[in-house]
Structure formats: C-alpha cells, structure tokens
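These are the residues of each chain, in order.
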Amino acid sequence: MYLVIGATAHFGRQAVEELVAAGVPVRALTRTPSKADLPAADELVAADLTSPETLPPAFDGVEAAFLVLPYGMDVAPLLAAAHAAGVRRLVFLSSGAITGHAEQQPDVIAQYHRDVERAVEATGIEWTFLRILFPAINSLTFAMQLQSGVIRAPYTRASFSAVHERDVAAVAARVLVDGGHGGRVYDLTGPQSLTQAQQVHILGQGLGRPLTVEDLDPEPVQQQMRRFMDADFLAALFSLMAEAVGKPAPVNDVVEQITGRPARTYATWVEDHRADFQN
C-alpha cells in the first residue's frame with residue numbers, strides 16, 4: 001500500500017492519480033474524506049496531522065509514503081507513526097530554497113524544510129527528498145488580474161524554471177514504487193528558464209488574449225500581504241525572488257531521468273489550466 005499525505009493539495013492529488021495509473025494500491029489521507037473528491041484512490045482514510053491519535057490507522061500496511069506537508073507543521077507525531085508502522089520508504093516534497101545540507105539555512109522557508117528533512121533522516125527509514133523552488137501553479141495568482149489585461153507583480157524580471165505539478169507527481173510516484181532512490185536529493189525543474197514577464201506573455205498566447213506586465217514596488221506588496229501571511233515567510237519569499245532577478249534559473253533533466261520523458265513546458269502548463277483562467 002502506498003500512502004499520500006496531503007492528498008487533496010496540489011502535488012498530492014496528482015500523485016494519487018499517478019499511482020492509480022501505475023496500478024498500485026493507493027491510500028489517500030484527508031481530514032474529511034466526504035469532501036476529498038478523490039474517487040480514483042483505492043482507500044480514503046480520515047486523519048488529522050495535528051491529532052497524533054488519528055495517524056496510526058493511516059499507516060497500517062503502508063510500504064511507502066509521499067509527504068506533502070503544510071508549512072510550519074510539527075512532523076514528529078507523523079514520523080513516529082510511520083516508524084511504528086514499519087514504513088519502508090518516505091518521499092518528502094521539500095524546498096529548493098535549501099542550501100546544501102547545512103544545519104543553519106539562510107531563511108525560514110529553507111530552515112523549516114531542512115529541519116523536516118533532518119527529522120526524516122533521523123527516523124532510520126529510507127528517504128528521498130524532492131526539492132522544488134517555484135512551481136508553475138504559482139501563476140494561478142495571475143487569474144484575478146486577467147480582466148484588466150495587465151498583470152501587476154513585483155520582480156517581473158526574476159527568472160524561474162517553473163515545474164509542472166504533474167511532473168513532480170510523476171517523479172514522486174516512480175520513486176515511491178520503484179525504489180533505488182534511497183538517500184537521494186532531487187532538485188526538480190521545468191525545461192526552461194523564464195522571467196515572470198515571459199511567463200505572462202506565454203500565458204496570454206495560450207489564452208488567446210493580449211497581456212501586458214507592470215512591475216510593482218515589492219515593499220508595498222509585501223506590507224499588504226503581511227495582513228494574512230507570516231511576515232518572516234514573506235520576507236524569505238521576496239528575498240528569493242529578488243535574488244532571481246537578472247540571471248537565468250537553473251534547469252536540469254532530473255524529471256526526464258526518472259520518468260523517461262522530458263519535463264512539461266510552461267506553455268503545456270497553461271494549456272492544462274485554461275479552465276482555471278476562465279472568468
């Protein structure tokens with residue numbers, strides 16, 4: 001049995017579908033199975049990551065688990081339940097903000113994810129870490145601005161190798177099922193380095209509507225976002241974007257190496273999400 005934790009979130013939902021397509025038994029963990037809308041999963045199990053007593057049944061009979069976790073959660077009860085159940089492999093969706101294996105990381109995003117990685121390592125369970133930096137789904141934030149035809153954002157000259165969530169899920173499924181990836185850290189990227197402005201241009205082409213870009217002063221945007229997001233998290237996120245201005249983003253072929261096919265382009269991501277941009 002293969003367990004997906006965070007099965008109703010981006011990456012988790014797609015991982016469930018990839019595992020089902022691979023013909024292996026899949027169990028999806030969710031707090032509210034009645035609202036999960038995951039008919040493809042073999043099993044839906046109700047559990048709350050913040051309630052340790054609900055976790056043991058989720059891991060019963062599980063060989064390997066994919067961890068898609070909310071930022072900031074305490075992973076100790078989750079990992080204790082996995083260890084007690086005899087889980088053989090853990091695949092953790094981590095952050096490309098991490099710098100190597102250093103104990104002290106440059107920002108709170110990298111620090112949290114590296115702390116989780118270290119906690120996973122300490123379990124003694126075989127592990128693999130998938131690190132992503134800027135997933136293509138971040139572009140969904142552009143949807144609310146489409147009516148004006150002008151996409152306003154800070155750091156429009158920042159370059160990202162945006163990775164499609166389907167590619168992340170495909171890699172996760174292969175690593176979970178195939179094995180042979182123990183102790184490996186994979187940085188997953190898309191096939192192209194594109195600035196945000198270039199992404200908007202491709203988005204406009206894919207939607208058949210002209211879009212222009214306006215670069216915003218980052219500080220007022222960050223101040224506004226602090227009303228509903230953690231200030232330290234935002235500072236780290238904006239710092240990562242600032243560092244990406246004026247230089248190409250790293251691109252690799254890890255997705256192709258593991259799945260056997262090239263990573264999907266940003267234009268493909270736009271086509272796959274056309275319905276999300278209809279308004």
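Residues numbered from 1 in each chain as written. Predicted model: local features only at pLDDT ≥ 70, side-chain atom pairs only at ≥ 80, totals over all residues. Heavy atoms only, no water.

**Student:** Any chance you could break down the environment of Leu-79 for me, citing the residues and the numbers?
**Tutor:** Examined against the element boundaries, Leu-79 turns out to sit in helix α3 (residues 76-85). With 15 residues separating them in the primary sequence, Leu-79 and Ala-64 have C-alpha atoms 12 Å apart. In contact with Leu-79, not counting residues within four places along its chain, are Leu-67, Leu-90, Ala-119, Val-120 and Thr-123. (Helix = DSSP H or I, 4+ residues; strand = E, 2+ residues; numbered from the N terminus. Contact = heavy atoms within 4.5 Å.)

**Student:** Would you mind going over the nonpolar core in detail, with residue names and values included?
**Tutor:** With 49 residues, the main nonpolar core has Phe-66 and Leu-130 as its most contacted residues. Considering each element in turn, this core owes the most residues, seven residues, to helix α5 (residues 165-178). If we ignore the near neighbours within four places in the chain, the residues touching Phe-66 are Leu-3, Val-4, Ile-5, Phe-11, Ala-15, Val-91, Leu-93, Leu-130, Ala-172 and Leu-176. Counting residues in each nonpolar core, the second largest holds 28 residues, with Ala-47, Val-62, Met-73 and Tyr-112 among its members. (Core = buried A, V, L, I, M, F, W, Y, C linked by side-chain atoms within 4.5 Å. Buried < 20%, exposed > 50% of the residue type's maximum accessible area, 1.4 Å probe, protein only.)

**Student:** With reference to specific residues and values, describe the packing of helix α1 (residues 12-21) against α5.
**Tutor:** Their axes nearest at 8 Å, the elements α1 and α5 cross at an angle of 50°. When the axis of α1 is compared with that of α5, the two are oblique. For the pair α1 and α5, the sense of crossing is right-handed. Where α1 approaches α5, its residues Gln-14, Ala-15, Glu-17, Glu-18 and Leu-19 are matched on the opposing element by Glu-165, Arg-166, Ala-169, Ala-170, Ala-173, Leu-176 and Val-177. Residue classes in the contact of α1 with α5 are distributed as seven nonpolar, one polar and four charged. (Axes fitted to C-alpha atoms, helices over the stretch in contact; angles between N-to-C directions. Parallel < 35°, antiparallel > 145°, perpendicular 65-115°, else oblique. Left-handed = near helix turned anticlockwise from the far one by under 90°. Nonpolar A, V, L, I, M, F, W, Y, C, P; charged D, E, K, R; others polar.)

**Student:** Explain the sheet that holds strand β4 (residues 64-67) residue by residue, including any values.
**Tutor:** Pairing is parallel across the open sheet formed by seven strands, whose spatial order is β3-β2-β1-β4-β5-β6-β9. If you trace the sheet from one side to the other, it starts and ends with β3 (43-46) and β9 (184-187), each paired once. Strand after strand, the sheet turns through a mean of 20° between neighbouring axes, direction not considered. Where α1 meets the sheet, its contacts fall on β1 (2-5), β2 (26-30) and β4, and the angle it forms with β1 comes to roughly 165°. Seen against the sheet, α5 touches β1, β4, β5 (89-95), β6 (126-132) and β9 and runs at an angle of roughly 155° to β5. (Pairing = 2+ DSSP bridges.)

**Student:** With reference to specific residues and values, describe the environment of Ala-97.
**Tutor:** By secondary structure assignment, the location of Ala-97 is in the loop between β5 and α4 (108-122). The spacing of Ala-97 and Ala-143 is 46 residues in sequence and 26 Å in space, taken between C-alpha atoms. Setting aside residues no more than four positions away along its own chain, Ala-97 makes contact with Gln-105, Pro-106, Ile-109, Ala-110, Leu-133 and Leu-240.

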